[in-house]
Amino acid sequence: MAKPTDLVQGTLELLILKTLSLEPKHGWAIAKRIQQISGEVLQLQQGSLYRALHRLEQKAWIKARWKETEAGRQAKFYSLTDAGRAQLEKEAENWSRLSEAINLVVETT
Amino acid sequence: MLWPRRVWLKLQSLFRHDRNAQRLDDEIQFHLDLQIAENRRAGMNPDEARFAAMRTFGNPTFLKEETRDTWGWTWLEQVGQDFRYALRSLRKSPGFTVVAVLTLALGIGGNSAVFSVLNRDLLRPLPYPDADRLVFFGWLIPSFDSRPFLFTSSYLQLGSGNTAFESITSWRPGVAGCDLTEEHPSRLACVRAESSFLATFGVRPVLGTNFSTEEDGPHAPQVCLISYALWKSRFGGSAGALGQTLSLDGQPTRVLGVLPENFEWPTLARVDVILPEAISAAERTNPIAGVLRAYARLKPGVTLAQARAQLAPALENWREASPPMFRKEMRLGLVSVREDQVGSIQLALLVLFGASLAFLVLAAANVASLFLARGAAREHELAVRAALGASRSRLIVLQLTETTLLGLLGGIVGAGIAFGLLRMFVALAPAGIPRIEQAGFDTSVLFFVLGASLLSGLICGLLPVLTPQPVRARLASTSLSPRRARLGAALVAAQVAVAMVLVIGAGLFLATLRNIETIPLGMDTNNLVTAEITLGRAFGQPQSSAEFFDRLETGLRNLPGVTAVAVSDSLPPTGRGHVHQFFDIRVEGRPPFPKGTGGLVGWRIVTPRYFEILGIPILEGRGFVPSDQDEHATAIVVSKKLADRLISGERAVGQHLQLSVPSGPWYTVVGVAGDVAYLNESGRAGRGDPEYYIARKNRSALGTTSEEVDRHAFFLVRSPMKAAAVGQLVRREIASLDPTLPAEISTLTARVDLLRVEPRFNAALISLFAAMGFLLAMIGLYGVLAFFVSSRTKEIGVRMALGAEPERVLGMIVWHGVWLMLTGFVVGAGIAFAVAHFLRGLLYGVSPLNPAIASTAALLLLLAGLGACYIPARRATLVDPMVALRHE
């Protein structure tokens, strides 16, 4: 099983942070949301999501709480911390700079 | 601030590991359940829905493991696993473990003991502020004094003009015994120092004040500073001590201040009392009267080289003004106080430390070779692990864990060994090694032990690993790889070489010790009790002190069991008594000796029975008789050496001598006495000046030394009884005449013995290291050979099956071992010679290149080596060919 490259990994973290910026979600919902919004383009292996989630949690960018879902089951809900929000801004900005640069290169050649 | 929270999270994941793992399971199960539900809603049947969910999720076990990795404690789990595994594997082979731990313990222990001595001596901070700016300086005139000194007048000239020094100070050389003559008489160590002494060294009295420049003058009433210890013992540490009066050598002396508890005299000598230097008017003007030791504090930023350059012109001026006999060899001596303190022992200690460090590395390499010897079984296991997917680094870590564990165990035992060694060092150490009694265990030594343990663990773990071979490929093979064989052979050679160096060294030092103990002294030291007495100034007139000594002599002679008593002003073999220039003597009827030739002549003042009591033979003429003990007597006894030098070819008895040309009185030689050895403070025979003897009370010969001779005497008491009992009687007799008079009572044998402490220390130390090196080399040899044998089991089996004689096989293995040792012998002998040449100053009467000692050492090692070869070789011949052939 190939490990995701750093780019993909970093991107996944950005996507998670972005997804959580609206409201707390549990893992499955995060995966669904990323798939939906990207128009099913980003097919992530759902399992690898948890590795990223736990790493973000260790970095204190997101925090987790066990709560009951509407269906009455215990689930782990992740939400952004203040540090996470700052990190999201930074990474989003990085990302747009990077994609602009790539666009520029791709379009001029 | 994120990091406190991150640390908290990390700790949580460490201590709630199990709960977190459970929760991760729940979390993933929840995810899968939702996915399955969704798949069901999309119309799949239950089984399909579950498989589809699993597919989109991936391998949950693997993913869980990866997720747990993000918690960051995987390495700890692995260390724990490795540690438990290492413990198990060490417990499984107790013999191996014990040998390995002991080997490492020897290396670590020896090293740590040496380090703790070094730590105290060479690495400790001196108890003076900015001690690196303190220097000791003066002229160095080796034939006159072994340490730099200055004549008082030149020291005084130095005072103002120098720009390199912030301040200078001086003291009169020699810590003199001075007697506290009170109701509890005792002998104190007194020095005379300039008033600037404490200020230059940056020391303040803890109580009271330093003496002033006026109090340091020649006619001032006597004052003193006392040591902290004396303050405690004499005054009970009371502030009332200030202004009190001590009676020192019968002279009232006012206590001005108390020195700090950690105060040290810069030469490390014990000092109880500091008296003012009190330079006299004569010393100020006469260019060669009065000798001082000078110290200075350099200005900040001034280097030793700059200071030397500053002093160079002054030295040239002094050279012009100094007596001709000194001019040629005069040079400037200027060293830091630290270097002055440790300089002489620094070399020896550093050599010792180097040796013991090499030793530690060898011990570790040895354990590595034991690991190699155990290799076959282990390799199989390692190969299986590698085949199951363990990475190479993981296997190395596993091995390192095991060797580090061994290293730490070795460290624990080694600390015990170090402690024992240290106690032994301290017990054996000669007085010349400063502060050794303070060498002990402290934190830095413990850190050193820990460091040494880890280092040795690392070495034995990495050495075998550093032979990179794909472990997998060797799953089915136990054959000997050439690389490992070479490593093993080099190891054995290195160890044999080190053992050779140590054993040869031990041989040389033991020979030195034997030579020193058998130096012919020219006298009989047995059954002689000595008592050294110095009378206080209170005795006043020479008449009364002479009377006192007479009464004491009579009293001692009448003691029960005493067969003879003699009095002298100095004692062989150390005390040189008084000396003057050889060319100052003139023989009647012969031309005077040319000025500046002949070196020094020693002289002693003795009573008639001196020669008889010390067993010094009178070779010609007679000794002294009571009638020679007279102010106007002219009898003189010369030593054989002096007779030969003065009056070669003629009969000495009856010749007339003038001892101080041109005006001194004339003497008549009445006898020639046998030569007596002169030993220096490390027990070696010095050059031994020629000597002459004058009868006691013949005051005409005394000149300026008369006061000292009047007040100071050694009593020699011969008795066949036990020395301790005689000593008691002597002490009681002295006390019955004057209860306030301290006397130093000893035996002549003990006084001579004191000189042999240092050679004994050297010999014991190096013998100990030699024994340890010997042991190490044997363990190493055994380990490597056992490894060779086990890897050749198959070959040996084939040979035996084809009909080889067991003796042939035995011979083959043993020969192989001897061959391995040969290189070590040659290299070791070479290094030993170089090292011994380097340390030849410590040897006596034995050449560094001593074939007898070298070949004995080689023979000894060879014999022990044969023993170490024999065990694995014997085992090889007992191999059942069938087993050997199946041995895969």
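For the structure itself, consult the block above.
Calculation criteria
Residues numbered from 1 in each chain as written. Chains lettered and ligands numbered in written order. Predicted model: local features only at pLDDT ≥ 70, side-chain atom pairs only at ≥ 80, totals over all residues. Heavy atoms only, no water. Helix = DSSP H or I, 4+ residues; strand = E, 2+ residues; numbered from the N terminus. Buried < 20%, exposed > 50% of the residue type's maximum accessible area, 1.4 Å probe, protein only. Contact = heavy atoms within 4.5 Å. Areas by Shrake-Rupley, 256 points an atom, 1.4 Å probe, with all protein chains shown as cover. Patch = residues over 30% accessible without salt bridge, like charges linked within 9 Å, V, L, I, M, F, W, Y side chains within 5 Å. Salt bridge = Lys/Arg side-chain N within 4 Å of Asp/Glu carboxyl O. Lys, Arg positive; Asp, Glu negative; His and termini not counted. Charge placed at Lys NZ, Arg CZ, Asp CG, Glu CD. Pairing = 2+ DSSP bridges. Axes fitted to C-alpha atoms, helices over the stretch in contact; angles between N-to-C directions. Buried area = accessible area lost by both parts, 1.4 Å probe. Expected span 1.5 Å × (residues − 1). Bend = angle between axes of the 7 residues up to and from the residue. Polar contact = N/O pair within 3.5 Å; in protein donor to acceptor, adjacent residues only side chain to side chain. Parallel < 35°, antiparallel > 145°, perpendicular 65-115°, else oblique. Left-handed = near helix turned anticlockwise from the far one by under 90°. Nonpolar A, V, L, I, M, F, W, Y, C, P; charged D, E, K, R; others polar.

Engineer: Summarise the overall build of chain B; cite the residues concerned and give the values.
Structural biologist: Of regular secondary structure, chain B possesses 28 helices and 24 strands. With 888 residues in all, chain B has 49% of them scored as buried. Sequence-distant contacts, at least 24 apart, represent 80% of the contacts inside chain B between residues at least 6 apart. Carbon together with sulfur atoms contributes 61% to the accessible area of chain B, which is approximately 40,700 Å² in total.

Engineer: Explain a positive patch on the surface residue by residue, including any values.
Structural biologist: A contiguous patch of positive charge on the surface is contributed by K63(A), R65(A), K67(A) and R5(B). Here the positive patch takes 3 residues from strand β2 (residues 62-68) of chain A, the largest share from any one element. Along the chain, K63(A) falls in strand β2.

Engineer: Quick rundown of the pattern of salt bridges? Include the residues and the values.
Structural biologist: Applying the stated criterion to the full structure yields 22 salt bridges over all chains. E215(B) is the salt-bridge partner of R254(B), the closest N and O atoms lying 3.8 Å from each other. Taken as a pair, R254(B) in strand β9 (residues 251-258) and E215(B) in the loop between β6 (207-208) and β7 (223-226) lie far apart in primary sequence, 39 residues in all. A relative accessible area of 37% means that R254(B) is categorised as partly exposed. The salt bridge involving K640(B) is made with D644(B); its shortest N-O contact spans 3.0 Å. Pair noted here: K640(B) and D644(B) are both in helix α20 (residues 640-646), with a separation of 4 residues, about one helical turn. A single salt-bridge network, built from bridges that share partners, covers E57(A), K76(A) and E27(B).

Engineer: Account for the side chain of T81(A), with residues named and values stated.
Structural biologist: Residues and elements named next belong to chain A. By the element assignment, T81 lies in the loop between β3 (74-80) and α4 (82-108). Using a relative accessible area of 10% as the deciding quantity, one classes T81 as buried. Ignoring sequence-local partners within four residues, the contact set of T81 consists of A60, W61, I62 and K63.

Engineer: A description of the sheet that holds β2(A) should follow, citing residues and the corresponding values.
Structural biologist: Residue and element names in this part refer to chain A. Taking strand neighbours across the sheet as the criterion, the 3 strands line up as β1-β3-β2 in an open arrangement whose pairing is antiparallel. Single-partner strands in this sheet number two, and they are β1 (25-26) and β2. Looking at chain direction, β1 and β3 are connected through 2 bridges and run antiparallel. Across the sheet, K25 pairs through a bridge with Y78, a residue of β3. The strands touched by helix α3 (residues 46-58) are β2 and β3; relative to β3, the strand with the most contacts, the crossing angle is about 55°.

Engineer: If you had to explain the interface of chain B and chain A to someone new, which residues and values would you point to?
Structural biologist: Taken together, the contacts link 28 residues of chain B with 29 residues of chain A. Taken together, the two surfaces of chain B and chain A that pack against each other cover about 2,600 Å², and 59% of this comes from carbon and sulfur. If you sort the residues of chain B by the area they bury against chain A, E27(B), F30(B) and H31(B) come out on top, with a joint share of 24%. The tally of links between chain B and chain A comes to 3 salt bridges.

Engineer: Can you explain helix α27 (residues 851-877) of chain B? Please cite residues and give values.
Structural biologist: Residue and element names in this part refer to chain B. Its 27 residues place the ends of α27 37 Å apart at the C-alpha level, agreeing with the 39 Å of an ideal helix rising 1.5 Å per residue. Where α27 bends most, at Y870, the angle is about 30°, and the proline P872 comes one to four residues later. Looking only at α27, the buried set comprises I853, A857, A858, L861, G865, A868, C869, P872, A873, A876 and T877. Near the N-terminus of α27, the side chain that reaches the backbone nitrogen of A852, with its oxygen 3.1 Å away, is that of N850.

Engineer: Please provide a residue-by-residue account of the environment of W666(B), values included.
Structural biologist: All names here are of chain B. Mapped onto the secondary structure, W666 falls in strand β21 (residues 666-673). Separated by 30 residues in sequence, W666 and I636 place their C-alpha atoms 9.9 Å apart. Apart from residues no more than four positions distant in its own chain, W666 is found in contact with R586, V587, E588, T634, H656, L657 and Q658.

Engineer: Explain the packing of helix α2 (residues 17-41) of chain B against helix α4 (residues 60-70) of chain B to me, and be specific about the residues and the numbers.
Structural biologist: Residue and element names in this part refer to chain B. Running from N to C, α2 and α4 point in directions that differ by 135°, and their axes come no closer than 11 Å. Regarding the angle of α2 to α4, the classification is oblique. Considering only the axes of α2 and α4, their crossing is right-handed. Between α2 and α4, the residues in contact are H17, A21, L24, D25 and I28 and K64, T67 and R68, respectively. Taken together, the residues of the contact of α2 with α4 sort by class into 3 nonpolar, 2 polar and 3 charged.

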